Amino acid sequence: MAKDPQKTAVTTTLEVIPANALDIPMFQVLKEDGTVHKGAKLPDINKELALKMFSTMQFIRVLDERMIAAQRQGRISFYLSSLGEEAAAIGSAAALQFEDMIMGQYREQGALAFRGFTIEQFMNQLFSNAKDLGKGRQMPVHYGCAALNFMTISSPLGTQIPQATGYAFGQKQSGEKTCTLCYFGEGAASEGDFHAGLNMAAVYKVPVIFFCRNNGYAISTPASEQFAGDGIAPRATGYGMKAIRVDGNDIFAVYAATQEARRLAVEENEPVLIEAMSYRMAGHSTSDDPTGYRTREEEDARRVREPMVRFRNWLLKKGWITEEEADAQQQSHKETVLAALKEAETVPVPALEEIIVDVYDTPTQALQEQLESLKAHIKKYPDAYPKTSGGVK
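Here the structure is a predicted model, which means the values were calculated and not measured. (Residues numbered from 1 in each chain as written. Predicted model: local features only at pLDDT ≥ 70, side-chain atom pairs only at ≥ 80, totals over all residues. Heavy atoms only, no water.)

### Some thoughts on helix α11 (residues 323-346)
Right, so step 1: Spanning 24 residues, α11 covers 36 Å between terminal C-alpha atoms, matching the ideal 34 Å at 1.5 Å per step.
Right, so step 2: By the burial criterion, the buried members of α11 are Ala326, Gln330, His333, Val337, Ala340, Leu341 and Ala344. (Helix = DSSP H or I, 4+ residues; strand = E, 2+ residues; numbered from the N terminus. Expected span 1.5 Å × (residues − 1). Buried < 20%, exposed > 50% of the residue type's maximum accessible area, 1.4 Å probe, protein only.)

### Remarks on the packing of helix α10 (residues 307-318) against α11
Axis angle and axis distance: for two packed helices, these are the angle between their axes and the distance between the axes, and together they describe the pair.
Right, so step 1: Running from N to C, α10 and α11 point in directions that differ by 140°, and their axes come no closer than 10 Å. The pairing of α10 with α11 is recorded here as oblique in orientation. Of α11, the residues touching α10 (which contributes Met308, Arg312 and Leu316) are Glu323, Ala326, Asp327 and Gln330.
Right, so step 2: Class assignment for the residues of the contact of α10 with α11 results in 3 nonpolar, 1 polar and 3 charged. (Axes fitted to C-alpha atoms, helices over the stretch in contact; angles between N-to-C directions. Parallel < 35°, antiparallel > 145°, perpendicular 65-115°, else oblique. Contact = heavy atoms within 4.5 Å. Nonpolar A, V, L, I, M, F, W, Y, C, P; charged D, E, K, R; others polar.)

### A short note on unusual backbone geometry
Right, so step 1: Despite not being glycine, lysine 135 has its phi angle at roughly 55°, a positive value.
Right, so step 2: Turning to its location among the elements, lysine 135 is positioned in the loop between α4 (119-126) and β2 (150-151).
Right, so step 3: Residues other than glycine seldom take positive phi values, yet valine 141 does so here, at roughly 80°.
Right, so step 4: Note on placement: valine 141 falls in the loop between α4 and β2.
Right, so step 5: Here valine 141 falls in the buried class, since its relative accessible area comes to 0%.

### Observations concerning the domain arrangement of the protein chain
Right, so step 1: Assigned domains of the protein chain: these are domain 1 (47-346) and domain 2 (352-389).
Right, so step 2: For domain 1 versus domain 2, the separation of C-alpha centres amounts to 34 Å. (Domains from an automatic or database assignment.)

### A few points about the confidence of the model for the protein chain
Right, so step 1: For the protein chain, the mean per-residue pLDDT works out to 94, and 97% of the residues sit at or above 70.
Right, so step 2: Low confidence marks residues 389-393, where pLDDT is under 50. Its contacts with residues over four positions away, or in another chain, come to 12 contacts. (pLDDT = per-residue confidence, 0-100.)

Laid out in structure tokens, this is it:
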């Protein structure tokens, strides 16, 4: 609760609070070799759920690797990988209820896959074809699915943060006992929307979880050049909000942290900021070359901490999967992804008229005029544009 100036403690000794006064530890359950820390408590996860989380992690790893290759081949225009950050998205999504809203940035394909987004839906969006739920209007990787309570992603950094606060305010008013989980990177935490969104959430006490993936880089800018403070988690205290710092490469720690954050959000209307410490093993996007700003030695040193090997080792020790089963499952995902990619390439793009559908209930006169102007332009320069399924009339 905000302090009343009349009730603030008084001291006659000048005291300067040091910059590192708040030292938030990182919660971890699994060591890097997949063994459990002595004294650590595993979350209540059964075999079925654990294997679903692992299979989703494998699927996303295959999807990312295959689609980066597809972009290099000129088959899609753009791609953003979650390589090395799969545990953060999948572990947190697994801890939610299906009715909870998810607002992503653009490395949360694991959360969407865990919710049930199919390989066909992924491919249709990436190819912007006629079967894409967004009707081909979005850049690749800007997914959305109302049926899965996953808000459509937008490119500008941080816009989803105050939106999450507003949506959670509506959830609180409805009495539904649901929450909103909002993902973003530590670079987005430098946007004004971050500060506005968190402050509003704390003041109005709404059921929202702000999930920051601190992967070390905002495109080419390392965290050391983004802020002088100790990461993102301590900022929560400044807004009167609870905070958790967790090892983002430890899927069990992420799951447990998100479970507790959801309890606080739903049962106590307490917004929570989670900072998941991870590392972006790939480039920022297919438009980025990380060799220009970090060394191969740095990447190799962080690779040993990556989440999938850690989780796989735990599953093997537990006896819930064998090496042969894990490898076969990985191969199956490769075959499924490749087949879906080839199929999506054959689906035509949306008709040009689709571009103004669903903007308003009935397209306005201005939109109709703009569409006619676009058609005339394409007719004038036909060689500069790809052919659409509907053609230009």
